[in-house]
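# Tertiary structure, described
Listed here are the chains, written in short residue letters.
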Amino acid sequence: MLLLTKTTSTTMWVSPQHHCPGQTSITSQNGFVSFPKSSTTSRAVSFNMGNPHTTLPPSGSFKKPINQPITDCNTQIRKFCEVGNLKMAMDLVCNAQKSELELATYCSVLQLCADLKSLDEGRKVHSFIDSRGIEMQNALAPKLAFMYLSCGDLREGRRVFDRMANEKVFLWNMLLSEYAKIGNFEESIMLYERMVEFGVEANSYTFSCILKCLAAKKSVAKGERVHGYLLKLGFGAYNTVVNSLIAFYFKCGRTESARKLFNELCDRDVITWNSMISGYTANGRAEKGVEVFIDMLSTGIRVDLATIVSVLAGCANVGVISLGRSLHAYAIKAGFNKEITFNNTLIGMYTNCGDIDGASRIFYNLGERSVVSCTSMIAGYARDGLSDKAIALFHEMKMEGIKLDIFSVTSILHACACSGSLEDGKEVHNYIRENNMDLDVSVSNALMDMYAKCGSMEDALSIFSQMPIKDIVSWNTMIGGYSKNSMPNEALHLFGAMQQELKPDIVTLTCVLPSCASLAALDRGREVHAHLLRNGLAFDNYVVNALIDMYVKCGALVLARSLFDKTPVKDLVSWVVMVAGYGMHGFGREAIAAFKKMRKAGIVPDEVSFISILHACSHSGLLHEGWRFFDIMRNDCNIKPKLEHYACMVDLLARSGKLLKAYRFVETMPIEPDASVWGALLCGCRIHHDVKLAEKVAEHIFKLEPDNMRYYVLIATIYAEAEKWEEVKKLKERIGRRGLRKNPCCSWIEIKGKHHIFVAGDNSYPQAKTIDSLIKEWSTKMKAEGYFPKLRYALTKGENMQKETPRCGHTERRAMAFGIMSFPPGKILRITTNLRVCSDCHEMAKYVSKKIGNEIVLRDSNRFHHFKNGSCSCRGYW
DNA sequence: ATTCATCTCA
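Residues numbered from 1 in each chain as written. Chains lettered and ligands numbered in written order. Predicted model: local features only at pLDDT ≥ 70, side-chain atom pairs only at ≥ 80, totals over all residues. Heavy atoms only, no water.

### Observations regarding the pairing of strand E1 (residues 746-751)
Rules: For every residue, the accessible area (1.4 Å probe, protein chains only) is compared with the maximum for its type, and the residue is labelled buried under 20%, exposed over 50%, or partly exposed between those bounds. The helix count covers DSSP runs of H or I at least four residues long, the strand count covers runs of E at least two residues long, and both are numbered beginning at the N terminus. In this analysis, strands are considered paired if DSSP registers two or more bridges between them.
Burial runs high along E1: 6 of the 6 residues are buried. Every second residue of E1 is oriented toward a common face, with Cys 746, Trp 748 and Glu 750 on one face and Ser 747, Ile 749 and Ile 751 on the other, all of them buried. The pairing of E1 with strand E2 (residues 754-759) spans 6 bridges and is antiparallel. Counterpart to Cys 746 in the pairing with E2 is Val 759. Two successive antiparallel strands, E1 and E2, enclose a turn made up of 2 residues, where Lys 752 displays a positive phi of approximately 50°. In this sheet, strand E3 (residues 829-833) lies alongside E1 in antiparallel orientation, the contact comprising 3 bridges. When the sheet's bridge partners are listed, Ser 747 is paired in E3 with Thr 833.

Right, here's the structure in full:
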């Protein structure tokens, strides 16, 4: 039934062949017989698979004795073979005497085994041949190899093949395509090279197959050599070969080469046109594909299903729904709308163009629903953020008994990942285990991604470590997962391990950069940058923006700026990264200038851009400018402020000492304030020592986020600075009751790519003696010169809180002293600390930058401090 | 015995 519809459809839409003179001359030149297109039908009923030379016995290999009876067993066996009765033929073979059977008879039986794909019977024939000591000669060995290859026993087929004289191109082709079928393209390519070396002349089938393999491996150079060779053999105008070449060049991204071939080919068939359309689409040039389609219509070639599907996929890629709709109408007229393949693509087109309702209308009106239809719909829902509907459809499929394949499970996992629904994700994981799909690399990758996006890196790692074969996506998913889950050490560690196994690509490097940024690992970041430059990957905007961000966050603002200046096409993200960078480093005026320049360049700011400019204003205490941007956002740009924007404004007001105004601002917000908004106010209360307001604010916060340690620390500090030790004690008890733990403070400095970490409470670091004495020397001198360190700290271990080392353990100054000891004078010290910098260390950094003369760039949890010649870029705003 | 066509993961 299926076969019937297929044949009718091809014959219906294929145009009459118009032969150009070139083709006829080429075919005769090479001795090729051209078959009519309708040979598909005859192939379906005939069992004669081999070429005439192998099915007919070689002349002279057997001679019928004249006096033999008509019912000779050779004749009988061959008669059974002709009608396809393998059982009877085998019975006769089993019972025959050794000398009785001719070579050609074995060949016939083997041919039938191949046609019927009966490996067992074929093996039996092989063992007869061996046990009867029949010489493997002439047609027998090739036929045996053919039988094994046809029945899917590639290994045995190869063994027979290797032991015979193989000058037959047919068998070489078959072997090549079998290796290609199982994805072993390397072996196929190697065999092709050996074949050419042997002097076996390739034909059109060879070229089709080898070009496919080379396309899969993206071996452009080898492909070009094959191209040259096939021209030499006279295939330059041979339709199927050129079609294969076109597909090859497209798959390697060489659209111009493909176009040139197309232009020069006179015998273009429907496949040629389809290849052009899909080739352009696959290379992100869908508009070109549509152009080709329009040309195709004007030539009068009948379009087929593949044409429509390719053009629709192109519409989906560029999001041209108008063309998609007219194609939809056209396809209905042409009768394609009964084809499930067409409908599946249509669903994809509508979802990609953002018309999810149009897609689901088609989906729910489908007479027959395949896995692919469901997958397209699930993918569409996931893209549109409708994860619930995607997951519901998954359950529907299970109910209907539709078996999910690797595509559908990866789609559904993607939906779970997008919505962060770990429970649903685990259910899908169970389904995958039950159906033994967890061996597939793509499925495992999707599982890891789901777990990573749901925040469970342990589950992701357990899958990763159990994968027998990992591809580059597996590594990238893990590294990116660690990066996004704030596990930068793990990300960098895995990045190192990956480099032992395979070469990182552009995705790996962009996944690693945020981790370098978060650890302020400037040397590692520069290595990544160098890697990108060496491989010519540093031109993609996404990558360049990640690089600028990395330099900003590693404290190398100058490097960030010079990279930014060199970027020819600056997009919104490039500008925003730079604005945020200036802001973080305390250069509010520069941030404002950059923001203005961005708008002048015609780039429209979005929500996120306003967060960064408002932050920049608050880090530099630019209250009026901040208000102005808040108004611009609401009035000029029509962006409704979100919680982050309100938090920035509260921060700005509170830092400037306008605490009551800030409080009223929070109370009158049109949206419900969250802990971060109140937290900004609490921060202001600390700076301006307003204990009463702080208590009021804290009550709001503890209602919203009772378990966030950050706020307990902040309010405790406020009490401590007001010397309300009773309140500090109560707060400590409250923390104890909730079982909260403090994040240990640590600071680090990178020296020659190695991190030297100082953790609070750990006094056994290397060179402790020298470091401590250097710090002591500084404190003594500071006291003598009139610096007054504060001695009020909160949340320490003992009872006598005034006299203790603070929570930060002064790790910042240890890193600083170590840097001074290790670096030559004049070198910039880059230090990172995981909490807010303590005011004592802040003072000491000022002192060191003046007395020793080194510039110090200190990153705390909130911003950067540039110490130069005794002053800090934060100007007290922190 | 070739060549084109729908759904997946960073």
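From this point, the discussion proceeds with the structure in view.
### Remarks on the side chain of Arg 158
Just so we agree on the cut-off: Any N or O atom pair separated by 3.5 Å or less is treated as a polar contact, with the protein-specific requirement of one donor-capable and one acceptor-capable atom, and with residues adjacent in sequence counted only for side-chain atom pairs. A contact between two residues is defined here by any heavy atoms of the two lying within 4.5 Å.
Locating Arg 158 in the fold gives a position in helix H10 (residues 154-162). By relative accessible area, which is 11% here, Arg 158 ends up buried. For Arg 158, the side chain forms a polar contact with the side chain of Glu 187, separated by 2.8 Å. Setting aside residues no more than four positions away along its own chain, Arg 158 makes contact with Leu 175, Tyr 179, Glu 187, Leu 191 and Arg 194.

### A look at the packing of aromatic side chains
Let me state the cut-off plainly: Note on aromatic pairs: the rings of Phe, Tyr and Trp (six-membered ring only in Trp) are paired at centre separations within 6.5 Å, and the planes decide the class, stacked below 30 degrees, edge-to-face beyond 60, tilted for the rest.
Under the criterion given, the structure shown has 24 aromatic pairs. Measuring from centroid to centroid gives 5.7 Å for Trp 627 and Phe 665, while their planes differ by 85°, and the two rings are edge-to-face. Of this pair, Trp 627 sits in helix H38 (residues 623-636) while Phe 665 sits in helix H40 (residues 659-667), and the two are 38 residues apart along the sequence. Overall, the relative accessible area of 22% leaves Trp 627 in the partly exposed class. Where Phe 758 meets Phe 818, the ring centres are 5.9 Å apart and the plane angle is 65°; that geometry is what we call edge-to-face. You can see Phe 758 sitting in strand E2 and its partner Phe 818 sitting in helix H46 (residues 811-822), a full 60 residues away along the chain. Given a relative accessible area of 4%, Phe 758 falls into the buried group. Take Phe 818: its relative accessible area is 7%, and that puts it in the buried class.

### Considerations on the sheet that holds strand E6 (residues 871-872)
Applied cut-off: Lines fitted to the C-alpha atoms define the axes, with helices restricted to the stretch that makes contact. Angles between their N-to-C directions range from 0 to 180 degrees.
Spatially, the 6 strands line up as an open sheet ordered E2-E1-E3-E4-E5-E6, and their pairing is mixed. Here the strands that pair on one side only, and so sit at the sheet edges, are E2 and E6. Taken together, the 4 bridges between strand E4 (residues 856-859) and strand E5 (residues 864-868) define a ladder with antiparallel strand orientation. By the bridge assignment, Val 857 is partnered in E5 with His 866. Where helix H47 (residues 839-851) meets the sheet, its contacts fall on E4, E5 and E6, and the angle it forms with E5 comes to roughly 35°.

### Section: helix H15 (residues 239-251)
This is how it is decided: A helix's residues, less one, multiplied by 1.5 Å, set its expected span.
Its 13 residues give H15 an end-to-end C-alpha distance of 18 Å, which sits within 8% of 18 Å, the value for a rise of 1.5 Å per residue. Where burial is concerned, most of H15 is hidden: 10 out of the 13 residues are buried. Taken as a whole, H15 has its buried residues at Asn 239, Val 241, Val 242, Asn 243, Ser 244, Leu 245, Ile 246, Phe 248, Tyr 249 and Phe 250. Phi for Gly 253, located one or two positions after H15, is positive at around 80°.

### A short note on unusual backbone geometry
With phi around 55°, Asn 436 is a residue other than glycine that occupies positive phi space. Assignment of secondary structure puts Asn 436 in the loop between helix H26 (422-434) and helix H27 (441-453). The backbone of His 689 sits at a positive phi, close to 55°, despite the residue not being glycine. With respect to the element layout, His 689 can be found in the loop between helix H41 (675-687) and helix H42 (691-704).

### Re helix H9 (residues 140-150)
Counting buried residues along H9, 11 of its 11 residues qualify, which places the element largely inside the surrounding structure. Listed as buried for H9 are Leu 140, Ala 141, Pro 142, Lys 143, Leu 144, Ala 145, Phe 146, Met 147, Tyr 148, Leu 149 and Ser 150.

### Concerning the environment of Asn 541
Looking at where Asn 541 falls in the secondary structure, it is placed in helix H33 (residues 541-553). In the structure, Asn 541 is positioned 414 residues away from Ser 127 in sequence and 64 Å away in space, judged by C-alpha atoms. Beyond its immediate stretch of four places on either side in the chain, Asn 541 contacts Thr 567, Val 569, Asp 571 and Ser 574.

### With respect to the nonpolar core
To be explicit about the condition: As used in this record, nonpolar core signifies buried Ala, Val, Leu, Ile, Met, Phe, Trp, Tyr and Cys residues forming a set joined through side-chain atoms within 4.5 Å.
Val 109, Phe 207, Ile 548, Phe 610, Phe 629, Leu 681 and Leu 682 are the most contacted members of the largest nonpolar core, which has 250 residues in total. Among the elements that take part in this core, helix H43 (residues 709-721) stands out by supplying 10 residues, more than any other. Of all hydrophobic cores here, the second largest spans 31 residues; its members include Val 837, Cys 838, Tyr 847 and Cys 874.

### Observations regarding the packing of H40 against H41
Angle between the axes and distance between the axes: these two values describe a pair of packed helices. Let me state the cut-off plainly: Geometric relationships in this document are graded by angle, where less than 35 degrees denotes roughly parallel, more than 145 denotes roughly antiparallel, 65 to 115 denotes roughly perpendicular, and other angles denote oblique. Polar here means any residue outside two lists: the nonpolar Ala, Val, Leu, Ile, Met, Phe, Trp, Tyr, Cys and Pro, and the charged Asp, Glu, Lys and Arg; Gly therefore counts as polar.
Look at H40 against H41: their axes get within 10 Å of each other, and the N-to-C directions meet at 170°. Looking at the two axes, H40 sits roughly antiparallel to H41. Two secondary-structure elements touch here, H40 through Leu 659, Ala 662, Tyr 663 and Val 666 and H41 through Val 677, Trp 678, Leu 681, Gly 684 and Cys 685. Taken together, the residues of the contact of H40 with H41 break down into 8 nonpolar, 1 polar and no charged.

### Considering the environment of Val 728
Here Val 728 shows up in helix H44 (residues 725-738). Counting along the chain gives 105 residues from Val 728 to Leu 623, while the straight-line C-alpha distance between them is 33 Å.

### Here's the deal with the confidence of the model for chain A
Applied cut-off: Confidence per residue, as judged by the predictor, is encoded in pLDDT with a range of 0 to 100.
Averaged over all residues, the pLDDT of chain A equals 85, while 89% of them reach at least 70. Every residue in residues 1-66 is under pLDDT 50, and counting partners more than four places away or in other chains gives 48 contacts. Scored below 50 in pLDDT, residues 791-805 shows 36 contacts in the model against residues more than four places distant or in partner chains.

### Concerning the state of the cysteines
For the record, the criterion: Counting rule for disulfides: a pair of cysteine sulfur atoms within 2.5 Å.
Counted according to the given criterion, the structure contains 0 disulfides. A disulfide-free cysteine, Cys 151 has its sulfur positioned 6.7 Å from the sulfur of Cys 113, the nearest such atom. There is no disulfide at Cys 374, and the cysteine sulfur nearest it, in Cys 416, is 15 Å away.

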